[in-house]
Amino acid sequence: MTVSSPSPDRDVVLQLRGIGKTYEPVTVLRNLDLDVRRGEVLALLGENGAGKSTASSIIAGLVRPTVGTMTWQGAPYAPASPADALSAGIGLIHQEMRLLPDLSIAENVFVGRLPVAGGRVDRAQMERRAAQQLHRLGLDVSPSMLVRELRVAAQQQVEIAKALTLKARLLIFDEPTAALGGDETDRLFEQIASLKAEGVSFIYISHRLDEIALIADRVAVLRDGELVATHETAQVPVKRLVEDMVGRPLDRMFPAIQSIEGGATRIEVEGLTGVDGAFSDVSFAVRAGEVFGIAGIVGAGRTELVRAIAGADPVVSGTVKVDGVPVHPGDPRAALDQGIVLVPEDRKAQGVLLDHTIADNIALGNYPRVAPSGWVRPAAVERFAEAAIKRFGIKGRGGQLARQLSGGNQQKVVIAKSISRQPRVVILDEPTRGIDVGARAAIYDVIAELAREGLAVIVVSSDLDEVLGLSHRIMVLNRGRNRGILGHEAAGRIEVMELATT
Amino acid sequence: KEAKKIGLAVANLQANFFNQIKQSVEAYGKEKGLEVITVDAKGDAATQVSQIQDLLAQNVDALIYIPAGATAAAVPVKAARAAGVPVVNIDRNAEGSPGDTFIATDSVTSAKQVCDYLAKQAGGKGEMVIVHGQKGTTPEVDRSKGCAEALKGYPDIKVVGELWSEGWHQDEGFKLTSDLLQSNPNVSIIFAQADALALGAAQAVKVANSGHRIFIGGFDGDTAALTALKDGVFDVTATQQTQKMGRLGVDAAIALVAGEKLPAEQLQDATLTTKENVDQFIANHP
Amino acid sequence: MMAVTSETARVETKRRRFSLGGGATGPFIGLIAMCIFLSLATDTFFSVRNFLNVMDQVTVIGVMAIGMTLVILIGGIDLSVGSVLALSAMVMGFLGNTIGLPFGVAILAALLAAALCGTVSGLMITQLNMPPFIATLAMMSIARGIASIITDGEQIVGFPDWFSNLAIIRYGGFLSATVATMIVLAFAFWVFLRFRPAGRALYAIGGSPEVARLAGIRVKAVTVRVYMVSGLLAGLAGVILSARLDSAQPSSGLGYELDTIAAVVIGGASLAGGVGGIAGTAVGVLIIGFLRNGLNLLHVSPFVQQVVIGVVIALAVAADTLRSRRRH
Amino acid sequence: MMAVTSETARVETKRRRFSLGGGATGPFIGLIAMCIFLSLATDTFFSVRNFLNVMDQVTVIGVMAIGMTLVILIGGIDLSVGSVLALSAMVMGFLGNTIGLPFGVAILAALLAAALCGTVSGLMITQLNMPPFIATLAMMSIARGIASIITDGEQIVGFPDWFSNLAIIRYGGFLSATVATMIVLAFAFWVFLRFRPAGRALYAIGGSPEVARLAGIRVKAVTVRVYMVSGLLAGLAGVILSARLDSAQPSSGLGYELDTIAAVVIGGASLAGGVGGIAGTAVGVLIIGFLRNGLNLLHVSPFVQQVVIGVVIALAVAADTLRSRRRH
Ligand SMILES: Nc1ncnc2c1ncn2[C@@H]1O[C@H](COP(=O)(O)OP(=O)(O)OP(=O)(O)O)[C@@H](O)[C@H]1O
Ligand SMILES: Nc1ncnc2c1ncn2[C@@H]1O[C@H](COP(=O)(O)OP(=O)(O)OP(=O)(O)O)[C@@H](O)[C@H]1O
Ligand SMILES: O[C@@H]1[C@H](O)[C@H](O)CO[C@H]1O
Ligand SMILES: [Mg+2]
Ligand SMILES: [Mg+2]
């Protein structure tokens, strides 16, 4: 471990010295020294709330540091706005930033720097270039489509295309792959590699530690706002990275899969067919105590399926029964009343109230338990929230606004809120998106525990290892159809991918 | 030429005074076999210009015009002239570009009478406040002038507060008077320049419950106000001859279309109205 | 793994036990500063009598602002309140005076008509997917038109004594029935918004209708109910105004929508929804009420008053920013 | 694994090459339907003369609506336009008539004053972090007050002939100078919003100020400029109104803010920002203009007109929903 001291290294393009950030009264980043070299990918790791996004935002001019200095290509660098950073050649894909839903894909890619010809926006060029870049990332959609019509994964790809077309000298990717499937990730890495060869530098943030060895050249690890380790190579055992991040060794990732003798059928889905053919004729049943995985590639219709089961979207035909009782379709309230809860994929749009407190967020929908008398006492809300905060290790206080949490911690709030309902069926769509390894293990424990308590748990994940590691059985969805259900023993990466892609 | 269709452009039907004129014009027009097309500018001069354009587009034979807002806009008159349509102005006239004839009440004289009556009743002394109409409109200017003339004869009456309404509305009269009474608790005379304002003032006095007699005067002879006057809600008003003005307007329009010449101004009297003579106006509004 | 929790204590922020009045602190400071200034600058301002007067004066806007708070909390807006007020007043006056129904029945019918207007707005918004601005703008025009049609534009003067006394007699030398009504309503809705799950649901809807829906809140039904309540309270304001003026006219309440919205927003609510509360709205209503009253007491000319009102509103709201800027 | 990409093509949707008027289709259909109906129902509606009349009538609101479109696009609102209109008219009248400056100079000064008002609103919003609703509400009060103070509430009547002729003489029997100005401005801003990067930036800001900022757009500077333009255009509307009325008064433009906002929103813009455009606004302005004109031509009584206007506005906007509902 070398804490970097000012080095004469000519290759260093960006230098951070003593950078600190305080949101009164909390210090979220302190005395950070960091070097980024020309043409390298520097992985920036750390638990949720460690300060990774804060550091990135400072470099990209989005947030100003409380103390410290930076140099960029040898000159002092203190961006007052993202515009300054961009003109210096530094671009950022923000972990939480969304696109402009009412504008076209192409305009989103080129927002702020639309190509101009003869004084007019050169729409043809813009769409051509956007389409090219998106094609390279594996997304072939019309660039004139509105972004609001895209799913999360595709939006993330647009976001990436936006960064890749920047012609920046330093790109900061804050969890670019959190919403992506394996294929999309591979393509992104190809793009990064080729830009790297042109001398572009990257700061790469991810909670998918197995990616690090594939893409990074060096690793820096933050813990509680402080740099605790740097590795001159990315070929570091994942175990070691975890230890750096969490501060202690983590023995295992997945809990042992319990056998489920005699669990009665909890939820039964029969012939479910969605609107616009997103999925059709899907049937399966999940028993009490069972963890049921749904695998598939991006766009397979998994999200639409589980949303329909939870009543969030209408269905064309088919039934959902909980403990033998049919659920009225297309009504989230009806589904909830029968004990089905959904942890949605898109936490910002569907999961969390950003301008409300953590406590209010957790209490939302849990009032029958928080306030059994019908009277909401603030103290009871706080107590209820505090218990959930403890259980899920959320870094934050009940009275804090959700907006002020790091992305991963927001995700934990959403899970906490849903689980606190004491449901009978829990559906988790990409439950560990943006969640650090330590917390991820804890969430897996929670999932296993829920199953042990006799719930039916349905897990949708683009992280194949996650589905494989957790589930008793795995259903593979391909173009909206059930391509088969594999038992835990029979399911491996190869088997699943084969069903998913052919 | 014979008049068949006339346009009536009203300043704002939210004021009872104008509504009375409108009803009179419509009723009398019907009697005369005329089609009357009414438009309401809701107090906005620009809206009124548009509405008069619309009336002219329908080839009205004559226009009865009550200018909206504070500006006695000359433009509608010019537009009507250009279209060869004669114009009868009621209540307000455009400086520089008057209508072919102007029918109105002599506000200066009548306001003088009202204030004189108030002053006498109050024993020629005391504090007074004035609730004005919309600042800068002809009636506001004339009534202020008339009242001031009356007060010259009463040196012991002091005007301690004045506030302006924006739309001659009753709720404004109430609010403005409440505020005036708060800063001037000893007031014993209130002149409100229209009956709606006076009714509001009377209610404000009732609510303030100051314990001494306060004399209140209004202007117009609004339908509801006359009944209130009879009940002693307030003390004096000047009843304008709205019904007559409406009929005169129609007659003038017919005459102008027929090619007759009319006097430039036809000023009408308003009658000083108190509890004593109010009954006749309630039974039969002039 | 749970070692994290001890760490979270560091993040502790004492403020905001429960986000509610959100953003009303600045305006509250503004209100206090204004009152202190007016007390020193005039000898009439600081008195029980004047305070009671102002309470009387703000009752109508105050009652409407309660409904508007709910509407704005769910991210809506209600432009129709001024017109609905007029409609209610005219329905009451027409049925009670012109037709001669028992006055209590007339009042009930008026409130019903008002609640119906609100319900229709709510249905336009939820069933026809119209923006609240347009739906209630349409209702604003419709209700005003109907209010005028009822008596062909005539006002109605002179209600039963017991009725107009509601706004006049100060029981125990203190509160008139109308002011008491406003206070009771404000308190009831304060409790509702703060302590009832259904009240908290409004915050959630305003924060994000989609999140609220997925949390099991019937967003459409609640939305319709909120507009119904806003209409109902506007109708009640019409009844109160009629009692206070002892008359009803189709033009009453013109422009009140802006005053009402202003009071709510000055009180710290966000037009984007999800932020605000009755306490803040009360502050907003009082700022407007005291300001107008104070300027009259200071004998400020009406034109200058407008300038001053604009500046003070800006300052009262900016106070919050200036304060919070220091925090960052 | 690469098989996916062919699949995604399924998602392709042809419609909307470039979302602009967004949501204006319903209102456009409403406008056409209304015009057809009025042409059949009256013999005066469908004529060049009447069309030109309506163009005259909508000029003032039309010019203001252009500025309001920009403001609403970036997610703001400008309540001050009616007052700024009055201020501009009074400044012009005062300098030109009372002081006797050359009239061209008076006009320039008026526009400058108006642009200044807008700029101040913009600065309150960006520098003091005030909600646009409050900042422009304050400006609304301030500008109106100053407009009244200039002549102590008096009106100013009678401008040079060449000036009032701008609104009257129809060159080539067709367009008055004021109407031509509106059309040129509408076209220029249509081009700006559709084809210029700076125009597209407004959509980005309205969609999400944070995303726009991250993309290097100077959100605060642009915001101030947008409010400046809105002020400037409101000032121009004041000049046009003065020419049309051949007079200026401090009370003019009362309530125009609601008309203007309504026109923009009827035209499909979203008060949340990021959606809308000049084409839609033009539709909104014409709906309001033709509707009022048509009702007058139909001899609908003034009170009933209000009801009809409300219903038609609701229908025009709901048309969009009813149409799109079928799609789903
Ligand atoms: N505006 C703010 N006010 C208060 N605290 C904040 C604010 N923004 C961030 N924080 C806090 O700063 C800390 C660091 O947040 P940051 O987003 O940098 O974490 P991160 O390392 O990116 O985490 P994640 O992996 O979950 O994205 C968190 O504890 C967060 O709650
Ligand atoms: N990458 C993409 N390209 C094109 N369309 C997509 C893509 N991702 C999602 N979609 C759209 O979403 C529909 C189903 O996506 P859905 O999100 O339900 O699938 P998923 O398997 O959950 O994928 P994800 O991993 O993105 O959640 C597709 O039919 C398509 O309309
Ligand atoms: O003369 C009239 C009346 O007094 C009316 O109440 C308002 O407008 C004035 O012009
Ligand atoms: Mg982060
Ligand atoms: Mg999904």
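Residues numbered from 1 in each chain as written. Chains lettered and ligands numbered in written order. Predicted model: local features only at pLDDT ≥ 70, side-chain atom pairs only at ≥ 80, totals over all residues. Heavy atoms only, no water.

1. What to know about the packing of helix 5 (residues 103-127) of chain D against helix 6 (residues 132-150) of chain D
Residues and elements named next belong to chain D. Remark: helix 5 packs on helix 6, axes separated minimally by 9 Å, with the N-to-C direction vectors making an angle of 145°. The handedness of the crossing between helix 5 and helix 6 comes out as right-handed. Contacts between helix 5 and helix 6 involve Cys117, Val120, Ser121, Met124 and Ile125 from the first element and Pro132, Ala135, Thr136, Met139 and Ala143 from the second. For the contact of helix 5 with helix 6, a count of residues per class yields eight nonpolar, two polar and no charged. (Axes fitted to C-alpha atoms, helices over the stretch in contact; angles between N-to-C directions. Helix = DSSP H or I, 4+ residues; strand = E, 2+ residues; numbered from the N terminus. Left-handed = near helix turned anticlockwise from the far one by under 90°. Contact = heavy atoms within 4.5 Å. Nonpolar A, V, L, I, M, F, W, Y, C, P; charged D, E, K, R; others polar.)

2. Topic: the sheet that holds strand 14 (residues 282-287) of chain A
Residues and elements named next belong to chain A. One open sheet accounts for four strands, arranged 14-13-16-17; its pairing is antiparallel. The open sheet has two edge strands with one neighbour each: strand 14 and strand 17 (325-326). Sheet analysis places strand 13 (residues 265-274) next to strand 14, joined by five bridges and oriented antiparallel. Among the inter-strand pairings, Glu268 is bridged to a residue of strand 14, identified as Ala285. Helix 9 (residues 302-309) rests against strand 13, strand 14 and strand 16 (315-322) of the sheet, and its axis sits at about 120° to strand 13. (Pairing = 2+ DSSP bridges.)

3. Here's the deal with the pattern of salt bridges
Residues and elements named next belong to chain A. In this structure the tally under the stated criterion is 44 salt bridges over all chains. One salt bridge connects Arg148 with Asp102, and the closest N-O pair in it is separated by 2.8 Å. Remark: Asp102 occurs in the loop between strand 6 (90-93) and helix 3 (105-109) and Arg148 occurs in the loop between helix 4 (123-136) and helix 5 (152-164); sequence separation between them is 46 residues. Via salt bridges that share partners, Arg37, Glu40, Arg218 and Glu232 belong to a single interconnected network. (Salt bridge = Lys/Arg side-chain N within 4 Å of Asp/Glu carboxyl O.)

4. Notes on the packing of helix 4 (residues 81-99) of chain C against helix 12 (residues 256-266) of chain C
Residue and element names in this part refer to chain C. The contact between helix 4 and helix 12 brings their axes to 7 Å, and the two run at 125°. With respect to their mutual orientation, helix 4 and helix 12 come out oblique. In this structure, helix 4 contributes Val81, Gly82 and Leu85 to the contact, and helix 12 contributes Tyr256, Glu257 and Thr260. Partitioned by chemical class, the residues of the contact of helix 4 with helix 12 number three nonpolar, two polar and one charged. (Parallel < 35°, antiparallel > 145°, perpendicular 65-115°, else oblique.)

5. Let's talk about the interface of chain C and chain D
With 42 residues of chain C at the interface, the matching set in chain D holds 41 residues. Summing the contributions of chain C and of chain D, the shared interface buries around 3200 Å²; its carbon and sulfur component is 81%. Of all residues in chain C, the largest losses of buried area upon contact with chain D belong to Phe133, Leu258 and Phe303 of chain C, amounting jointly to 19% of the total for that side. Across the contact surface, chain C and chain D share zero salt bridges. Our count for the contact surface shared by chain C and chain D stands at two residue pairs in polar contact (both at pLDDT 80 or more). Among the elements of the structure, helix 5 (103-127), helix 6 (132-150), helix 12 and helix 14 (302-327) of chain C are those that each provide at least two residues to the side of chain C that touches chain D. A per-element tally of the side of chain C that touches chain D places helix 14 of chain C first, with 14 residues. Partitioning the side of chain C that touches chain D into residue classes produces 29 nonpolar, nine polar and four charged. (Buried area = accessible area lost by both parts, 1.4 Å probe. Polar contact = N/O pair within 3.5 Å; in protein donor to acceptor, adjacent residues only side chain to side chain.)

6. Comments concerning the layout of surface pockets
Residues and elements named next belong to chain A. Its boundaries defined by the atoms lining it, the second largest pocket holds a volume of some 820 Å³. The element contributing the most residues to the lining of the second largest pocket is helix 6 (residues 182-197), with six residues. Tallied by class, the residues present in the lining of the second largest pocket amount to 18 nonpolar, seven polar and 14 charged. Residues from two domains meet in the lining of the second largest pocket; each of domain 1 (1-89 + 168-248) and domain 3 (265-501) gives at least three. (1 Å grid on protein atoms, 1.4 Å probe; cavity = no way out; pocket = protein on both sides within 12 Å on 5 of 7 lines; lining within 4 Å. Points joined across faces, edges and corners; volume = space filled by probe spheres on them. Domains from an automatic or database assignment.)

7. A word on the nonpolar core
The biggest cluster of nonpolar side chains holds 233 residues, and the ones touching the most others in it are Met64, Met92 and Ile217 of chain C together with Met64, Met92 and Ile217 of chain D. Ignoring sequence-local partners within four residues, the contact set of Met92 of chain D consists of Asn97, Phe103, Ala106, Ile107, Ala110, Phe159, Phe163, Val239 and Ser242 of chain D. Listed in part, the 54 residues of the second largest apolar core include Phe173, Leu188, Ile192 and Ile215 of chain A. (Core = buried A, V, L, I, M, F, W, Y, C linked by side-chain atoms within 4.5 Å. Buried < 20%, exposed > 50% of the residue type's maximum accessible area, 1.4 Å probe, protein only.)

8. Digging into the relation of the copies chain C and chain D
Once turned by 180° and shifted 0.1 Å along the axis, chain C lies on chain D with an RMSD of 0.1 Å. Expressed as a symmetry operation, the mapping of one chain copy onto the other fits a two-fold axis. (Least-squares fit on C-alpha atoms with pLDDT ≥ 70 in both.)

9. Brief notes about the coordination of the magnesium ion (ligand 5)
Ideal values differ by geometry: the angle at a metal is 109.5 degrees with four tetrahedral donors, but 90 or 180 degrees with six octahedral donors. All names here are of chain A. Looking at the magnesium ion (ligand 5), the protein donor atoms are Thr303 (OG1) and Glu345 (OE), and they sit 1.8 to 2.3 Å from it. Here the residue Thr303 occupies a position in helix 9, and Glu345 occupies one in the loop between strand 18 (340-343) and helix 11 (347-351), the gap between them amounting to 42 residues. Take Thr303 and Glu345: they sit in the same class, and that class is buried. (Donors = N, O, S within 2.8 Å, 3.2 Å for Na, K, Ca; no water.)

10. Observations concerning the coordination of the magnesium ion (ligand 4)
Residue and element names in this part refer to chain A. Listed as protein donors to the magnesium ion (ligand 4) are Ser53 (OG) and Gln95 (OE1); their distances from the metal cover 1.9 to 2.0 Å. Pair noted here: Ser53 is in helix 1 (residues 52-59) and Gln95 is in the loop between strand 6 and helix 3, with a separation of 42 residues, a long-range link. For Gln95, a relative accessible area of 18% translates into the label buried.

11. Quick word on helix 2 (residues 25-41) of chain D
Residue and element names in this part refer to chain D. Look at helix 2: 24 Å from first C-alpha to last across 17 residues, which is about the 24 Å you get at 1.5 Å a residue. When helix 2 is considered as a whole, its buried residues turn out to be Gly26, Pro27, Gly30, Leu31, Met34, Cys35 and Leu38. Taken down its axis, helix 2 places every buried residue within 165° of arc, on the same side. (Expected span 1.5 Å × (residues − 1). Arc of directions from axis to C-beta.)

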